[in-house]
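Summary of structural features
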Amino acid sequence: MTASELLQACCQAMTNWREAGYPDEANKRNLAEILGISERSLTDWQKDGMPVLHSAGRGGSNRYSVGEAIEWMLARAAEASRESAKDRLDRLRGDQLERDMLKEDDVLVMPEDLDVEYAAMVEAARAEMLFNMPDALAAELTAIMGDEIDVSIIRRHVEAALTTLSHYDPSDDIEPGEPSGAEDASALEEEREALDS
């Protein structure tokens, strides 16, 4: 009988015991009815240590304290529900095996794997922003505006943005609609003047 079944039997036994008028003692047949189990199970439980109030010997009818029998069942259920060291180790090994299988099937991604992927993505984005984007943007703006655009101006802004990102702190976030600061406004004005001249 599993721990869950044993607890269920205890609950049923308490209900049956109340309905039977709370007898303090019961013979084997009555106790089996109260507990909702077979007489054979009672015999097995007796061998496992269930208390007997009065042992009548072979062929006689033993007497049991219903309360003590139920207490014994509850103690046994509590003991059975505890996880042994071996069971815990088996469960942990099973959990690890399951994680390994999920990783192999690309269903589960571990944080350390994400760090490597994330670092590679950041480095690829940084290279694109520092080397390819400024040249392409300068060429496109030159074609649109008709004046030669200095690629170093674009590259400097990209480097500043990347530096800001590398020191990102969520508490520094600017709320939408807030001005970004006087320094940013004056830097943009200087860039416009440089482009106009």
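Scroll up to find the structure this text is about.
Anyway, here's the lowdown on the structure attached to this text. (Residues numbered from 1 in each chain as written. Predicted model: local features only at pLDDT ≥ 70, side-chain atom pairs only at ≥ 80, totals over all residues. Heavy atoms only, no water.)

Structural notes on the pattern of salt bridges
Applying the stated rule across the entire model yields 8 salt bridges. Arg40 is paired through a salt bridge with Asp44; the nearest N and O atoms lie 3.5 Å apart. Here Asp44 and Arg40 lie together in helix α3 (residues 39–47), a separation of 4 residues that amounts to about one turn. Take Arg40: its relative accessible area is 52%, and that puts it in the exposed class. Note that Arg76 is salt-bridged to Asp48, the shortest N-O span being 3.2 Å. Residue Arg76 is found in helix α4 (residues 66–81), and its partner Asp48 is found in the loop between α3 and β2 (63–65); the two are separated by 28 residues along the sequence. Taking relative accessible area as the criterion, Arg76 reaches 28% and is therefore assigned partly exposed. (Salt bridge = Lys/Arg side-chain N within 4 Å of Asp/Glu carboxyl O. Helix = DSSP H or I, 4+ residues; strand = E, 2+ residues; numbered from the N terminus. Buried < 20%, exposed > 50% of the residue type's maximum accessible area, 1.4 Å probe, protein only.)

What about unusual backbone geometry?
Residue Asp106 is not a glycine yet carries a positive backbone phi of 60 degrees. A relative accessible area of 67% means that Asp106 is categorised as exposed.

With respect to the packing of helix α6 (residues 111–145) against helix α7 (residues 151–166)
For the pair α6 and α7, interaxial distance at closest approach is 9 Å and the crossing angle is 145 degrees. Crossing geometry of α6 relative to α7 is assigned as right-handed. When α6 is examined against α7, the residues Arg126, Met129, Leu130, Phe131, Met133, Pro134, Asp135, Leu137, Ala138 and Leu141 are found in contact with a partner set consisting of Val151, Ile154, Arg155, Val158, Glu159 and Leu162. Residue composition of the contact of α6 with α7, by class: 12 nonpolar, no polar and 4 charged. (Axes fitted to C-alpha atoms, helices over the stretch in contact; angles between N-to-C directions. Left-handed = near helix turned anticlockwise from the far one by under 90°. Contact = heavy atoms within 4.5 Å. Nonpolar A, V, L, I, M, F, W, Y, C, P; charged D, E, K, R; others polar.)

Some words on a negative patch on the surface
Residues Asp100, Glu104, Asp105 and Asp106 make up a contiguous surface patch of negative charge. Secondary-structure assignment places Asp106 in the loop between α5 (85–104) and α6. (Patch = residues over 30% accessible without salt bridge, like charges linked within 9 Å, V, L, I, M, F, W, Y side chains within 5 Å. Areas by Shrake-Rupley, 256 points an atom, 1.4 Å probe, with all protein chains shown as cover. Lys, Arg positive; Asp, Glu negative; His and termini not counted. Charge placed at Lys NZ, Arg CZ, Asp CG, Glu CD.)

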